Amino acid sequence: MNFPSFNLLAQAVLSGIFMGGLYGLIGLGLGLTWGLLRQINLSHFGLVFVSAYLSYHMVTVGHIDAMLTLLILPPVFFLFGVGMQTVMSRFSISPFNSLLVTFGITVIMESVIQWIWTADFRRLETHYNDQKFTIGSLYVPVPELITLILAVSLSVSIWAVMRYTDFGKAMRAMAEDGPIAVAFGINEKFISKMLAGLCAALAAIAGVCLALTFTLTPSQIFSWVGVVFASVMLGGLGSPLGPLLAGILIGVSESVTMTITAPSWAPIVSFSLLILMLLLRPGKF
């Protein structure tokens with residue numbers, strides 16, 4: 001095993017930070033749903049890929065700028081999230097049951113994607129793909145930079161809302177003890193719908209970023225589940241900043257591991273970190 005040069009190692013760290021930003025962005029909505037609504041929403045991954053394919057279609061067929069899809073898709077997905085939460089709130093769904101229900105929804109989404117766009121690989125080609133600049137000897141691709149900026153901005157904004165606004169305090173109170181929060185006048189149903197809509201909108205943003213960076217195929221939906229789950233659990237359920245920090249840690253660890261050893265070792269990293277965290281701090285989960 002040959003140790004890589006400093007420039008190669010630094011580029012790997014930078015690439016890992018960008019990858020971790022995407023992990024954190026996908027995990028942001030999943031972690032909020034899991035931690036605050038007590039729903040393990042696997043359909044979040046389906047929504048990410050539906051958004052990715054819709055942005056691909058809007059750019060390639062409708063000739064819309066890829067950045068403009070970031071303004072169009074999130075409001076539509078917000079309404080879908082509100083509607084989905086309205087339906088689910090009519091039933092007493094435990095976290096395990098929500099896992100089963102949303103898994104079924106994800107399978108349906110995957111089938112719909114294959115029906116409309118087939119199982120062929122799709123690549124979103126935009127002028128952003130070729131845009132990059134250098135910082136010293138390091139290359140910074142613009143799509144990955146956009147993803148990281150969005151991930152950091154959204155995570156910090158949601159953290160500020162949850163910490164400093166009445167709506168955010170109501171969300172935290174509802175997650176801590178729903179019946180007591182309702183007794184003090186908090187509208188649990190309204191807050192749950194708004195939070196579900198927000199998480200769906202976050203999935204839409206993550207989907208656009210995914211399409212800007214990766215080649216798409218429907219079968220990839222479930223390949224993202226493991227590493228994003230690890231980011232959410234390492235970062236803390238319901239935490240807006242935790243999944244981003246954990247995602248960057250995992251992304252850098254994977255990238256450096258691939259640079260030093262081989263790409264086949266990368267998937268071991270995220271689950272090794274998760275197992276280590278479970279052993280050291282089992283009460284956190």
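Provided above is the structure to which this section pertains.
So, here's what we can say about the structure. (Residues numbered from 1 in each chain as written. Predicted model: local features only at pLDDT ≥ 70, side-chain atom pairs only at ≥ 80, totals over all residues. Heavy atoms only, no water.)

Things to note about the overall build of the protein
Just so we agree on the cut-off: Each helix is a run of H or I in the DSSP string that is no shorter than four residues. Each strand is a run of E no shorter than two, and both are numbered from the N terminus. Here the radius of gyration uses the C-alpha set of atoms, whereas the globule reference equals 2.2 Å times the residue count to the power 0.38. Relative accessible area decides the class of each residue, using a 1.4 Å probe on protein chains only: under 20% of the type maximum gives buried, over 50% gives exposed, and in between gives partly exposed.
Tallying secondary structure elements over the protein gives 11 helices and two strands in all. Starting at the N terminus, the α and β elements of the protein follow one another as α-α-α-α-β-β-α-α-α-α-α-α-α. Relative to the compact-globule value of 19 Å for 285 residues, the protein shows a C-alpha radius of gyration of 19 Å, a close match. Dimensions of the protein, computed from the C-alpha atoms along their principal axes, are close to 60 × 50 × 35 Å. Counting over 285 residues, the protein shows a buried share of 48%.

What about the packing of aromatic side chains?
What counts here: Aromatic pairing here means that ring centres of Phe, Tyr or Trp (its six-membered ring) are within 6.5 Å. Orientation follows from the plane angle: under 30 degrees is stacked, over 60 is edge-to-face, and everything else is tilted.
Counted according to the given criterion, the structure contains seven aromatic pairs. Where Tyr23 meets Trp224, the ring centres are 6.0 Å apart and the plane angle is 70 degrees; that geometry is what we call edge-to-face. Here Tyr23, found in helix 1 (residues 6-36), pairs with Trp224, found in the loop between helix 8 (188-213) and helix 9 (225-235); they are 201 residues apart in sequence, far enough to count as distant. Assessed through its relative accessible area of 8%, Trp224 is described here as buried. With centroids separated by 5.7 Å and ring planes inclined at 50 degrees, the aromatic side chains of Phe103 and Phe222 adopt a geometry described as tilted. Here Phe103 is found in helix 4 (residues 95-117), whereas its partner Phe222 is found in the loop between helix 8 and helix 9, with 119 residues between them in sequence.

What about the side chain of Gln39?
So the rule is basically this: For this analysis, a polar contact is any N or O atom pair within 3.5 Å, provided that within protein one partner can donate a hydrogen and the other can accept it, and provided that sequence-adjacent residues contribute only side-chain to side-chain pairs.
Here Gln39 shows up in the loop between helix 1 and helix 2 (43-60). When its relative accessible area of 12% is taken as the criterion, Gln39 is described as buried. Polar side-chain contacts of Gln39 include one of 3.2 Å to the side chain of Gln85.

Some words on the pairing of strand 1 (residues 132-135)
Applied cut-off: Two strands qualify as a pair provided that DSSP identifies no fewer than 2 bridges between them.
Of the strand pairs in this sheet, strand 1 and strand 2 (residues 138-141) are connected by four bridges, and their pairing is antiparallel. For Thr134, the partnering residue across the bridge sits in strand 2 and is Tyr139.

Re the environment of Leu234
Summarising the element assignment, Leu234 is placed in helix 9. Taking relative accessible area as the criterion, Leu234 reaches 9% and is therefore assigned buried. Each C-alpha atom, one on Leu234 and one on Leu244, is 10.0 Å from the other, the two residues being 10 residues apart in sequence.

Thoughts on the packing of helix 10 (residues 242-260) against helix 11 (residues 266-280)
Formally: Axis definition: a line fitted to C-alpha atoms, over the contacting stretch in the case of helices. Angles run 0 to 180 degrees between N-to-C directions. In a left-handed crossing the near helix is turned counterclockwise from the far helix by less than a right angle, and in a right-handed crossing that turn is clockwise. Any two residues whose heavy atoms approach within 4.5 Å at even a single point are treated as in contact. Each residue receives one of three labels: charged for Asp, Glu, Lys and Arg, nonpolar for Ala, Val, Leu, Ile, Met, Phe, Trp, Tyr, Cys and Pro, and polar for the others, Gly being one of them.
Viewed as axis vectors pointing N to C, helix 10 and helix 11 meet at an angle of 145 degrees, and their least axial separation amounts to 8 Å. The two elements helix 10 and helix 11 meet at a crossing, and its hand is right-handed. Contacts between helix 10 and helix 11 involve Leu249, Ile250, Ser253, Glu254, Thr257 and Met258 from the first element and Ala266, Val269, Ser270 and Leu273 from the second. Per-class residue counts for the contact of helix 10 with helix 11 are six nonpolar, three polar and one charged.

Function cannot be read off these values alone, since they describe shape.
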